[in-house]
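So the chains spell out like this:
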Amino acid sequence: MKNSMEKSIKEAVRIQRDDFSQDEEIRALQACSKRMGGIATFLGCARDFSEGREVSEISFDAYDRMALPEMQKLREQAITRFGLLDARIVHRLGVVNAGDNIVFIATGAEHRAPALEACRWIIDELKEWVPIWKKETTPQGESWVTPHP
Amino acid sequence: MITVLFFGPVAERVGQSRLEVAFKTGMRLQDLREQLQALYPEAFALVSLAAVNGEHEREMSVALTDTSEVVFMSKFSGG
């Protein structure tokens, strides 16, 4: 029974096509320690409007061999840098519709400040160092997204 | 042969996501970039990052081998 429950807990860092459950991720984070006094989360979603155009869907391309290890490195670095008890990062690939979830980050620490700071740091670093690109589908055609702050 | 991969907007401008390039003794990352940039100038106008064997590589003088996997990448836009 214990083994099957352990297996049902998903990896802390994942890239997947399917949607994710924020509740499941937060539960998994909380399960790592009862010393956790603060949890911060970031949820990135697909907007239906960008650069003055309507967006119906977003598709992603990724260098798989590098993207997951880079996300794992970010988690490890964040845990060390901010003294977190744990952190989780999930990013979707494939095609997502406007309004759908794209990325979820959850950080847990003894107190709120390091959890909040680490969550912001992880999403900023992810955008700079993880090889994932997104393309928006609009009525005017498709276009790759240019990064911005 | 060196395997060169392209993704996202760079792949779109190159017109393919994978190339095989003949390895030459002493070849550096910069040599490979210059060779491909001459063939695909529009694609390489977007390139600002490179990776060798799955790791970010900022040093363009790094030596390549006959089995290197190289990726020339535009800025990322995940998240």
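The preceding data block contains the structure.
Quick summary incoming for the structure in this document. (Residues numbered from 1 in each chain as written. Chains lettered and ligands numbered in written order. Predicted model: local features only at pLDDT ≥ 70, side-chain atom pairs only at ≥ 80, totals over all residues.)

Regarding the interface of chain A and chain B
Part 1: Taken together, the contact pairs 21 residues of chain A with 13 residues of chain B.
Part 2: The greatest single-element share of the side of chain A that touches chain B, amounting to four residues, is contributed by helix α4 (residues 112–129) of chain A.
Part 3: Here the side of chain A that touches chain B is composed, by residue class, of 14 nonpolar, two polar and five charged. (Contact = placed C-beta atoms within 7 Å. Helix = DSSP H or I, 4+ residues; strand = E, 2+ residues; numbered from the N terminus. Nonpolar A, V, L, I, M, F, W, Y, C, P; charged D, E, K, R; others polar.)

Topic: the environment of K24 of chain B
All names here are of chain B.
Part 1: Here K24 shows up in the loop between β2 (18–21) and α2 (29–39).
Part 2: For K24, a count of 12 C-beta atoms within 10 Å puts it in the exposed group.
Part 3: Sequence separation between K24 and K75 is 51 residues; the distance between their C-alpha atoms is 29 Å. (Buried ≥ 20, exposed ≤ 12 C-beta atoms within 10 Å, placed from the backbone.)

Quick look at unusual backbone geometry
Part 1: At E51 of chain A, a position not held by glycine, the phi torsion is positive, near 55 degrees.
Part 2: By the secondary structure assignment, E51 of chain A is in the loop between β3 (49–50) and β4 (53–54).
Part 3: Taking the C-beta count within 10 Å as the criterion, E51 of chain A has 11 such neighbours and is therefore assigned exposed.
Part 4: Its identity is not glycine, yet N53 of chain B carries a phi of approximately 50 degrees, on the positive side.
Part 5: Mapping N53 of chain B onto the fold places it in the loop between β3 (49–52) and β4 (55–56).

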